[in-house]
Amino acid sequence: DARVSCHRHYRSRPTHGIGKFKYLLPKEAPKKRRVQMKAVNVGTDHKYGDINIQMTSYDMCLVEHFARHVHRLCNRLSIRVNESYAMPTKTNEVLLLEERGSKMQLDAILTTHQRVVQICGVSATFAPILLEIIQSNQPEGVDLLVKEHTEADFKLRLKTRPELEELLAQMS
Amino acid sequence: ARAQPKKKKKVDVKREQAQKERMKKKIRKLEKAAQEMIPIEDFVTPPKYLESHRVRSLPPLSSEETERRVLLLKKWSLYKQKQDEAEKKAIQTLIASQQAALKELRLESEELYQAAIKRDEGLFPFERDGPNYTPPLPDYDPPEGKCIDITKVYTQ
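This is a predicted model, so every value here is computed, not measured. (Residues numbered from 1 in each chain as written. Chains lettered and ligands numbered in written order. Predicted model: local features only at pLDDT ≥ 70, side-chain atom pairs only at ≥ 80, totals over all residues. Heavy atoms only, no water.)

**A word on the sheet that holds strand S1 (residues 50–57) of chain A**
Definition in use: A pair of strands is considered paired only if DSSP assigns at least 2 bridges between the two. Strands here are runs of E lasting at least two residues and helices are runs of H or I lasting at least four, both read from the DSSP assignment and numbered beginning at the N terminus. Axis angles are defined between N-to-C directions and span 0 to 180 degrees, where every axis is a line fitted to C-alpha atoms and, for a helix, only to the segment in contact.
Reading across the sheet, the six strands line up as S1(B)-S4(A)-S1(A)-S3(A)-S2(A)-S2(B) and stay open at both edges, with antiparallel pairing between neighbours. For this open sheet the edge positions go to strand S1 (126–128) and strand S2 (145–149) of chain B, each flanked by a neighbour on one side alone. Direction aside, the axes of adjacent strands within the sheet are offset by 20 degrees on average. Pairing between strand S2 (residues 80–97) of chain A and S2(B): five bridges, direction antiparallel.

Here's what the structure looks like:
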């Protein structure tokens, strides 16, 4: 592929964009498959399996920037990144008890955002170093959680199917 | 007196079987449909921000101001570059010192080296709250209240 070898773009030259052809092809609708990858756990050897780095905060921009930073860090350290996705936002309504006579409750609406970067195949000697680096760059208000990827984590992203669950409960 | 209980048994068994089959078919149909992911509200701009009258008109900048900004940008990019390079260097030294320590350990004893190379099972559920601008006040009495979770529950 000739374009892969050339890094620069030469945007002022008339030959800019030479070799591009994907825009001419008909657009394919991306087919999404819900089948998740099996967790890679190569025993006590030196690699860890799928690890989820979950970042939660009330501030969306901070969380997104931090997730981007972690992703680019992993790219730079040639760690394989399986996926980098967002978990659904949680909204909390905070009500305070006013103590000035009438016991009315004040409102504030807080949204909690969570971003996940899924990594695969970190070596056992490198994992603590990676954790150190991520911790040192952690911004204020962003909570970090690093854990193994499980099916339960995957199922949190999917919609609930109450009809199916009802029928299954009736069956058994 | 003899015929009636027999009819009941047959009819009940048949009905139950038919019901079970119908339920199984429904379950199979529902399970065949691909599971959908919950749409993420972060990625959907609320319509009130897409209104056309929300356009900011900024005043034109003087040449000194633009120059000042460009020079500031250059200084900032240089500072960030130095910071980034220092970080990369720190990572390299960390890795190098770890490798050196493992080499020495190997020379000392092979068993300990093998044990050191294995993955740490206790590392995993690692949690750390972000640093705060100010530490928590020791005698703070927070106002009472409650938190209600009002996230929209999506069903398929």
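After presenting the structure, the write-up continues.
**Looking at the packing of helix H2 (residues 60–76) of chain A against helix H3 (residues 127–136) of chain A**
All names here are of chain A. So the rule is basically this: Left-handed describes a crossing in which the near helix is turned anticlockwise from the far one by less than a right angle; the clockwise case is right-handed. The criterion used for residue contact is that any of the two residues' heavy atoms lie within 4.5 Å.
Across the interface, H2 lies against H3 with an axial gap of 11 Å and an inter-helix angle of 150 degrees. Here H2 and H3 pass one another in a crossing that is right-handed. Mapping the contact onto sequence places Phe66, Val70 and Leu73 in H2 and Leu130, Ile133 and Ile134 in H3.

**Looking at the interface of chain A and chain B**
Spelled out, the test is: Each of two parts loses accessible area, computed with a 1.4 Å probe, when they are put together; buried area is these two losses added. In the sections that follow, a salt bridge refers to a side-chain nitrogen of Lys or Arg positioned within 4 Å of a carboxyl oxygen of Asp or Glu. Here a polar contact means two N or O atoms within 3.5 Å. Within protein one must be a hydrogen donor candidate and the other an acceptor candidate, and residues neighboring in sequence count only if both atoms are side-chain atoms.
Contacts between the two partners involve 63 residues from chain A and, on the opposite side, 52 residues from chain B. Here chain A and chain B share an interface that buries about 5,600 Å² over both sides, 61% of which is from carbon and sulfur atoms. A salt bridge links A:Lys159 to B:Glu36; the nearest nitrogen and oxygen atoms lie 2.8 Å apart. Where chain A touches chain B, the interface holds 20 residue pairs in polar contact (both at pLDDT 80 or more).

**Observations regarding the pairing of strand S3 (residues 105–120) of chain A**
All names here are of chain A. Strand direction decides the pairing type here: S1 and S3, joined by eight bridges, are antiparallel. Pairing of Thr56 across the sheet is with Gln114, part of S3. When S2 meets S3, the two strands line up antiparallel, connected through 15 bridges. Within S3, the position partnered with Asn92 by the bridge is Leu110.

**A few points about the nonpolar core**
All names here are of chain A. Convention followed: In these notes, a set of buried Ala, Val, Leu, Ile, Met, Phe, Trp, Tyr and Cys residues joined through side-chain atoms within 4.5 Å is what counts as a nonpolar core. A 1.4 Å probe rolled over the protein chains alone gives each residue an accessible area, and that area as a share of the maximum for its type sets the label: buried under 20%, exposed over 50%, partly exposed in between.
Ile53, Met55, Val70, Ile119, Val122, Leu130 and Ile134 are the most contacted members of the largest nonpolar core, which totals 29 residues. Mapped by element, the contributors of at least two residues to this core are S1, H2, S3, H3 and strand S4 (143–148). Not counting the four nearest positions on each side in its chain, Ile134 is found in contact with Ile53, Phe66, Val70, Leu73 and Leu144.

**Observations concerning the environment of B:Lys14**
All names here are of chain B. Positionally, Lys14 belongs in helix H1 (residues 3–32). The exposed category is assigned to Lys14, whose relative accessible area is 63%. Once the C-alpha coordinates of Lys14 and Ser63 are considered, the two residues, 49 residues apart in sequence, prove to be 90 Å apart.

**Observations concerning a nonpolar patch on the surface**
Where we set the bar: Residues enter patches when they are more than 30% accessible in relative terms and free of salt bridges; like-charged ones are connected within 9 Å and nonpolar ones (Val, Leu, Ile, Met, Phe, Trp, Tyr) within 5 Å. Note that accessible areas follow from Shrake-Rupley with a 1.4 Å probe, and for residues the cover is restricted to the protein chains shown.
Among the surface-exposed residues, A:Phe21, A:Tyr23, A:Leu24 and A:Leu25 lie close enough to one another that they form a single nonpolar patch of about 510 Å² accessible area. Here A:Tyr23 is to be found in the loop between helix H1 (2–5) and S1.

**Re the packing of helix H2 (residues 63–108) of chain B against helix H3 (residues 110–117) of chain B**
Orientation of H2(B) relative to H3(B), taken along the N-to-C sense of each, is 145 degrees, at an axis distance of 6 Å. Judged by residue contacts, B:Leu102, B:Leu105 and B:Arg106 of H2(B) engage B:Glu110, B:Leu112, B:Tyr113, B:Gln114 and B:Ala116 from H3(B).

**Brief notes about the side chain of A:Gln54**
With respect to the helices and strands, the residue A:Gln54 is situated in strand S1. For A:Gln54, a relative accessible area of 7% gives the class buried.

**Section: the environment of A:Ile133**
Note on placement: A:Ile133 falls in helix H3. Expressed as a C-alpha distance, the spacing of A:Ile133 and A:Arg8, which sit 125 residues apart in the sequence, is 31 Å. Apart from residues lying up to four places away in sequence, A:Ile133 is in contact with A:Leu73, A:Leu77, B:Glu87 and B:Ile91.

**Regarding the pattern of salt bridges**
As enumerated under the stated definition, the model contains 12 salt bridges over all chains in all. Ionic pairing is found between B:Arg106 and B:Glu110, a salt bridge with its closest N-O pair at 3.3 Å. Overall, B:Glu110 belongs to the partly exposed group, its relative accessible area being 39%. Residue B:Arg119 is joined to B:Glu121 by a salt bridge in which the shortest nitrogen-to-oxygen separation is 3.5 Å. One continuous salt-bridge network, built from bridges that share partners, spans A:Glu64, A:Arg115 and B:Asp42.

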